[in-house]
Amino acid sequence: YSALFITKNDRSIKKATIRVVNPIVESLNVNLSDTLKYVGDTSDIEVDVSVNFDFNDKEKYIYEISNKDVIKIEDDKVKAIGVGSSDLIIKSGDQKQICKFNNIQAKVSSINTDKSIDIEVNESKKLNIKVITSPKNLKHPTIRYEYIGRKTPISKVVDISKDGT
């Protein structure tokens with residue numbers, strides 16, 4: 001405890017007792033309004049900090065980001081800004097919560113390739129696939145190749161490998 005005296009002309013007008021406390025953070029709860037799956041997605045962050053002393057002010061907390069190329073924080077909102085994974089760490093006192101954002105991807109706005117490809121028996125050709133992302137020029141998700149139908153008899157089946165050959 002400390003005492004504070006308010007004086008005027010060397011006379012004590014008012015006395016106030018000041019108690020300095022160092023509150024202990026008892027719990028730290030974090031809730032996100034949405035999940036982040038694609039670049040451009042945002043989520044509100046709601047943080048609730050409980051301490052062992054009643055204050056009028058809201059208890060403070062800090063944000064840390066493991067990969068600033070993938071997510072960023074603005075006004076208690078987390079936004080996906082790049083492709084990849086990142087952790088958001090919220091700290092208050094000796095408590096911390098970690099929110100993991102794994103495999104954030106770019107949205108695919110279009111996929112372009114040749115309309116038809118002519119190949120001979122036992123010939124191999126690589127498919128020329130161009131993926132356009134939104135936002136542009138980001139790493140696109142893995143391309144998976146599969147048949148959607150056959151127009152030739154089984155004896156003339158074409159195989160497609162994982163790399164599009």
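Notes on the structure follow.

Reading guide: rules and limits
Residues numbered from 1 in each chain as written. Predicted model: local features only at pLDDT ≥ 70, side-chain atom pairs only at ≥ 80, totals over all residues. Heavy atoms only, no water. Pairing = 2+ DSSP bridges. Helix = DSSP H or I, 4+ residues; strand = E, 2+ residues; numbered from the N terminus. Salt bridge = Lys/Arg side-chain N within 4 Å of Asp/Glu carboxyl O. Buried < 20%, exposed > 50% of the residue type's maximum accessible area, 1.4 Å probe, protein only. Core = buried A, V, L, I, M, F, W, Y, C linked by side-chain atoms within 4.5 Å. Contact = heavy atoms within 4.5 Å. Axes fitted to C-alpha atoms, helices over the stretch in contact; angles between N-to-C directions.

Let's shift gears to the pairing of strand β6 (residues 71-74). Direction of pairing for β6 relative to strand β7 (residues 77-80): antiparallel, over a ladder of four bridges. By the bridge assignment, Glu-74 is partnered in β7 with Lys-77. Counting the residues that bridge the hairpin from β6 to β7 gives two residues, and of these Asp-75 lies at a positive phi of roughly 50°.

With that out of the way, let us pick up the pattern of salt bridges. Using the criterion set out here, one finds four salt bridges in the structure. Two residues, Lys-77 and Asp-44, come together in a salt bridge whose shortest N-O distance is 2.6 Å. Note that Lys-77 is positioned in strand β7 and Asp-44 in strand β4 (residues 42-51), a separation of 33 residues in sequence. Its relative accessible area of 40% is what places Lys-77 among the partly exposed residues. Here Glu-64 and Lys-91 are joined by a salt bridge, their closest N and O atoms 3.2 Å apart. With Glu-64 in strand β5 (residues 62-65) and Lys-91 in strand β8 (residues 84-92), this residue pair connects regions lying 27 residues apart in the sequence.

Turning our attention to the nonpolar core. Ranked by internal contacts, the top residues of the largest apolar core, which has 20 residues, are Val-47, Ile-71, Leu-88, Ile-90, Phe-101 and Ile-104. The element best represented in this core is β4, accounting for four residues. Sequence-distant contacts of Phe-101, defined by excluding residues within four places in its chain, comprise Leu-32, Leu-36, Ile-71, Val-78, Gly-84, Ser-85, Ser-86 and Leu-88.

Moving on to the environment of Thr-35. Looking at where Thr-35 falls in the secondary structure, it is placed in the loop between β3 (25-32) and β4. Between the C-alpha atom of Thr-35 and that of Lys-100, which follows or precedes it by 65 residues, the distance is 10.0 Å.

In spatial order, the strands read β3-β4-β7-β6; together these four strands make up an open sheet with antiparallel pairing. Bordering the open sheet on either side are β3 and β6, each of which pairs with just one other strand. Put simply, the sheet's adjacent strands are angled 25° from each other on average, direction ignored. In terms of strand pairing, β3 meets β4 through seven bridges, oriented antiparallel. Paired with Asn-31 across the strands is Glu-46, a residue of β4.

Nothing here speaks to function; it is all geometry.
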